[in-house]
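If you want the building blocks of each chain, they are given just below.
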Amino acid sequence: MYSEENKIYIALVGGLIVLLVLIIFFVISIVKYHRRKVAFNLEKLEADFDHLDHERERIAADLHDDLGSFLSAISLHLQRVEPRNEKSKDILKFCEEQLDQSVNKLRRIAFNMMPGVLHRKGLDDALTELINLMTDSTAIRVNYQYNADGISHVKAIHIYHIAQELLHNIVKHSKATLVTFNITAIKNHVVVQIIDNGIGFDKNLFLKKSTGLGMRNIKTRAEVLKAKISLATLTGKGTYFQIKMPFK
Amino acid sequence: MIARPNHRLTVNSMNNYWLRIVFNYSIIIAAIIAIFRFKTIMADYYPFIFFIWLGLFNEILSLLLIYNYQSNTVNSNIYVLMEYLVLLWQFYKWSDGSSKRYYWLAAFGITVWITDNFILNTISDNNSIFRVFYSFIIIFFSIDKVNNLLIFEYGNLLKHPMFITCITFIFYYGFKAFVESFNMVHLGLNPVILKDLWIILYFVNGTANLLYAIAVLCIPKKIKFISPW
Amino acid sequence: MKEKIRVIIADDHDVYRDGLKLLLNSGEIEVVAEASNGIQLLEDARKHKPDVVLTDLMMPVSTGIEAIKELKKENFERIIALSFFDSDTLIVEALESGAMGYLHKNVQKEEIVEAIKDVYNFRSYYSKATDMRLARSIIKSRYNPYLNKSVPFFSPQEIEIIRLICQEKSSPEIGKILNMGTRTVEGQRAKIIQKMNVRTPVGVAIYAVKNKLFPVDPPL
């Protein structure tokens, strides 16, 4: 019925269609597995963080309470010593001062690692304390608003550490005088905004070489939160940072 | 796994006869290795081992039938159905999904086989429809498995038996489907070219058999359960 | 001879308890019992009926806060909370639960003794290490030791001085703002502190706000 040539053409076209089908199948299959792998990796990341944060909570509490008590105990015992001369008195005083400083340093380390209040009272109280600490020791004013009740403890830890890192950066680098810090729950999402009126930075340079541990932590925690980060900054114009994540 | 030449294989066509013997019986290497390793390897791979032994059995059977009855088409047709079902079973064992889709494919395959061998032709004909069909099925499963291994497996892929066998399947069944399709569609090509294609298929078959042997060597051992006390 | 003030110490760190006990056991104070957790503290209190209780806030089993609440229920009012000040909210909780005062665990002997004596006389004691941030948290809290207590009269001038004290102004600064001599200001401050029965500017601020001496506005 068909001429020889036509048959060959049809056969060729048929063959190409078959090849196309195979390639499409290959692509679909590999994309499917890739997605699964990404989800699997995310789960693993979450589990790793969970473990890490728990460890930190434990260490911070132990560190401060345990070690701090021991150092203070030394101080108490030292206070019972009755120095017989000026020199002894000076040495004693020096020791007590050093102990005082040690306790303070300890407190700062433990607090930075994981504040106890986060676990006890929740995100709002923890952030309030963090901000109070910041406004007390610097000339920066912070407008803080919290409208997101019901965030799970695990998410709270991540948000807290992200905020801690960002505020730390603001204090250290931005020379800002005013910070607006909002956490709001809108329509199944939680939106965290931190805006400062500081000197800003070069966004491209920053994103390219953001190998700084702090920013990397923020990114990884944001990944675990399945959050999207928006960053707008210009040298001299301040910085706008927003992170938006699903509520559940 | 056995390549069937387009023309009847007679005692007279000695030229490619010895070729065929050598390449097809290379499966015996894999079969012997399998006998030695059978007890120690994981049960997930048993269908593949049966696949190899089935192939060897069919080769021997073909030889006997050719000497006595001049033809091996009937047993070949039955053999390909069994090959299909055994490989389907193996892919099921290699997956962690439900068995539903495998049952459906088995049923559909049997339907195609019956159609090919009883309705459209007879069982003593060289029937290619089913062969093309099941070749594609095997290819699809193999591609999927290879992708799975690419993304999820750690360690040396080249020594992974699933990877070796599935890549081999893709090449062998790919070429087989290509060659068999010329049997389905008559394009009026020079018969010499077709005969050459079949000879190439013998080569491919021989290589595949060797690769199967390597795969059997690479199958991991059973995990012994260690008692906690 | 004056009777010794009988005190119970509760802290889960033995070394610390030990240090505190040895430091306090002197002429005026006697440590009658030690406890290492909240439950033990309650048992000891019921048994020994102390005058003053010093308790750590971070203890296992039953935390310090719960113990304070229980003690308050059983009419042990003179409680001093010990803490490392790592969390404002913890100290505020302690006060709200019924503690009469609080101290930093890293403290000097003079201050502990002063605190114990004050609390023995039913007077609130706020650690000298309190900063304004903590003071603000306390002021904003529910804690109010001045419920149902009569408030003496404060002249408008005194109220002004009090307001400026709350803004952490020093005496010379207050003097400049109100057009008074520094010495006069100091004299007024002393009188105010005596009337309020407090010891520090923190005490002044808390007294002033809790007794509503002036409307509280943000500048605090």
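Residues numbered from 1 in each chain as written. Chains lettered and ligands numbered in written order. Predicted model: local features only at pLDDT ≥ 70, side-chain atom pairs only at ≥ 80, totals over all residues. Heavy atoms only, no water.

Looking only at helices and strands, chain B features eight helices and zero strands. When the helices and strands of chain B are listed from N to C terminus, the series reads α-α-α-α-α-α-α-α. Every one of the 229 residues in chain B was classed for burial, and the buried ones make up 50%. Restricting to contacts in chain B with at least 6 residues of sequence separation, those with at least 24 account for 76%. Carbon together with sulfur atoms contributes 72% to the accessible area of chain B, which is approximately 11,700 Å² in total. (Helix = DSSP H or I, 4+ residues; strand = E, 2+ residues; numbered from the N terminus. Buried < 20%, exposed > 50% of the residue type's maximum accessible area, 1.4 Å probe, protein only. Contact = heavy atoms within 4.5 Å. Areas by Shrake-Rupley, 256 points an atom, 1.4 Å probe, with all protein chains shown as cover.)

Successive side chains on a regular strand alternate, one facing one side of the sheet and the next facing the other. Residue and element names in this part refer to chain C. Counting buried residues along strand S3 (residues 52-56), five of its five residues qualify, which places the element largely inside the surrounding structure. In S3, alternate side chains face the same way, and those of Val 52, Leu 54 and Asp 56 on one face and Val 53 and Thr 55 on the other are all buried. In this structure, strand S1 (residues 5-10) lies alongside S3, joined through four bridges in parallel fashion. Across the sheet, Val 7 pairs through a bridge with Val 52, a residue of S3. The sheet contact formed by S3 and strand S4 (residues 79-83) spans four bridges and is parallel. Each residue of the ladder has a partner; that of Leu 54, found in S4, is Ile 80. (Pairing = 2+ DSSP bridges.)

What follows is about the sheet that holds strand S4 (residues 228-234) of chain A. Residues and elements named next belong to chain A. Ordered by their spatial adjacency, five strands build an open sheet running S1-S2-S3-S5-S4, and the pairing between neighbours is mixed. Strands at the two margins of the open sheet, each flanked by one partner only, are strand S1 (141-147) and S4. In this sheet, neighbouring strand axes are inclined to one another by 5 degrees on average, regardless of whether the strands run parallel or antiparallel. The sheet contact formed by S1 and strand S2 (residues 178-186) spans seven bridges and is parallel. Bridging from a neighbouring strand, Gln 145 pairs with Asn 182 of S2. On top of the sheet, helix H4 (residues 123-137) reaches S1 and S2; it is set at about 175 degrees to S1, its chief contact. Strands S2, strand S3 (189-196) and strand S5 (238-246) of the sheet are contacted by helix H5 (residues 153-174), whose axis makes an angle of about 10 degrees with S3. (Axes fitted to C-alpha atoms, helices over the stretch in contact; angles between N-to-C directions.)

Once that is clear, we can look at the packing of helix H4 (residues 73-94) of chain B against helix H6 (residues 129-152) of chain B. All names here are of chain B. As a packed pair, H4 and H6 sit with axes 11 Å apart at the nearest point and diverge in direction by 20 degrees. Compared by their axis directions, H4 and H6 come out roughly parallel. For the pair H4 and H6, the crossing hand works out as left-handed. The residues of H6 that touch H4, namely those facing Ser 76, Asn 77, Val 80, Leu 81, Glu 83, Tyr 84, Leu 87, Leu 88, Phe 91 and Trp 94, are Phe 130, Arg 131, Phe 133, Tyr 134, Ile 137, Ile 138, Phe 141, Ser 142 and Lys 145. Classifying every residue of the contact of H4 with H6 by side-chain character gives 13 nonpolar, three polar and three charged. (Parallel < 35°, antiparallel > 145°, perpendicular 65-115°, else oblique. Left-handed = near helix turned anticlockwise from the far one by under 90°. Nonpolar A, V, L, I, M, F, W, Y, C, P; charged D, E, K, R; others polar.)

This brings us to the interface of chain B and chain A. Facing 14 residues of chain B, the contacting portion of chain A comprises 16 residues. Note on chain B versus chain A: buried area summed over both sides is about 1,500 Å², and carbon and sulfur give 70% of it. At the surface where chain B touches chain A, the tally comes to one salt bridge. Across the pair Lys 32 of chain A and Asp 144 of chain B runs a salt bridge whose closest N-O atoms are separated by 3.7 Å. Taken together, the connections running from chain B to chain A amount to four residue pairs in polar contact (both at pLDDT 80 or more). When the residues that make up the side of chain B that touches chain A are grouped by side-chain class, the tally is nine nonpolar, four polar and one charged. (Buried area = accessible area lost by both parts, 1.4 Å probe. Salt bridge = Lys/Arg side-chain N within 4 Å of Asp/Glu carboxyl O. Polar contact = N/O pair within 3.5 Å; in protein donor to acceptor, adjacent residues only side chain to side chain.)

This next bit is on the confidence of the model for chain C. Overall, the prediction assigns chain C a mean pLDDT of 87, with 97% of residues at 70 or greater. Both confidence scores are given for the complex: pTM 0.65, ipTM 0.80. (pLDDT = per-residue confidence, 0-100.)

Contact with chain A, which involves 26 residues of that partner, is made by 29 residues of chain C. If you sort the residues of chain A by the area they bury against chain C, Leu 76, Gln 79 and Arg 120 of chain A come out on top, with a joint share of 22%. On the surface where chain A and chain C come into contact, there are 12 residue pairs in polar contact (both at pLDDT 80 or more). Broken down by secondary-structure element, the contributors of at least two residues to the side of chain A that touches chain C are helix H1 (4-78), helix H2 (86-113), helix H3 (116-121) and H4 of chain A. For the side of chain A that touches chain C, the class distribution of residues is eight nonpolar, eight polar and 10 charged.

Take the pairing of strand S5 (residues 101-104) of chain C next. Residues and elements named next belong to chain C. Here S5 shows a buried face lined by Gly 101 and Leu 103 and a second buried face lined by Tyr 102 and His 104. Two strands pair when backbone bridges link them, and S4 and S5 are joined in this way by four bridges, in the parallel orientation. By the bridge assignment, Ser 83 is partnered in S5 with His 104. Once the chain exits S4 it traverses helix H4 (residues 88-97) before rejoining the sheet at S5, and the crossover so formed is right-handed. (Right-handed = clockwise from strand over helix to strand, strands pointing away.)

This part takes up helix H9 (residues 182-196) of chain C. Residues and elements named next belong to chain C. The terminal C-alpha atoms of H9 lie 21 Å apart, and with 15 residues this matches the ideal 21 Å at 1.5 Å per residue to within 8%. Looking only at H9, the buried set comprises Val 185, Gln 188, Arg 189, Ile 192 and Met 196. Looking down the long axis of H9, one finds its buried residues gathered within 105 degrees of arc, a one-sided arrangement. Exposed and oriented more than 90 degrees from the buried face of H9 are Arg 183 and Gln 194. In the core, the buried residues of H9 are packed alongside helix H7 (156-166), helix H8 (171-178) and helix H10 (201-210). Looking one or two residues past H9, Asn 197 carries a phi angle of roughly 65 degrees, positive in sign. (Expected span 1.5 Å × (residues − 1). Arc of directions from axis to C-beta.)

Residue and element names in this part refer to chain C. Reading across the sheet, the six strands line up as S2-S1-S3-S4-S5-S6 and stay open at both edges, with parallel pairing between neighbours. Two strands in the sheet have a free side with no partner beyond their single neighbour: strand S2 (29-35) and strand S6 (125-126). Note: S1 against S2, six bridges, orientation parallel. Each residue of the ladder has a partner; that of Ile 8, found in S2, is Ala 33.

We now examine the packing of helix H6 (residues 132-140) of chain C against H10 of chain C. Residue and element names in this part refer to chain C. Between H6 and H10, the shortest axis-to-axis distance is 10 Å and the interhelical angle comes to 25 degrees. Taken together, the axis directions place H6 and H10 in an arrangement best described as roughly parallel. The crossing of H6 and H10 is right-handed. Along its contact with H6, which presents Ala 135, Ile 138 and Ile 139, the element H10 presents Val 202, Ala 205, Ile 206, Val 209 and Lys 210. Of the residues contributing to the contact of H6 with H10, the split by class is seven nonpolar, no polar and one charged.

On to the side chain of Ser 135 of chain B. Inspection of the secondary structure puts Ser 135 of chain B in helix H6. Beyond its immediate chain neighbours, meaning those up to four positions away, Ser 135 of chain B contacts Tyr 173, Lys 176 and Ala 177 of chain B.

Quick look at the environment of Asp 53 of chain A now. Residues and elements named next belong to chain A. Within the secondary structure, Asp 53 is located in helix H1. As a C-alpha pair, Asp 53 and Met 113 span 60 residues in sequence and 9.1 Å in three-dimensional space. Discounting chain neighbours no more than four positions away, the residues touching Asp 53 are Met 114, Ile 157, His 158, His 161 and Arg 221. In this structure the side chain of Asp 53 is engaged in a polar contact, spanning 3.1 Å, whose partner is the side chain of Arg 221.

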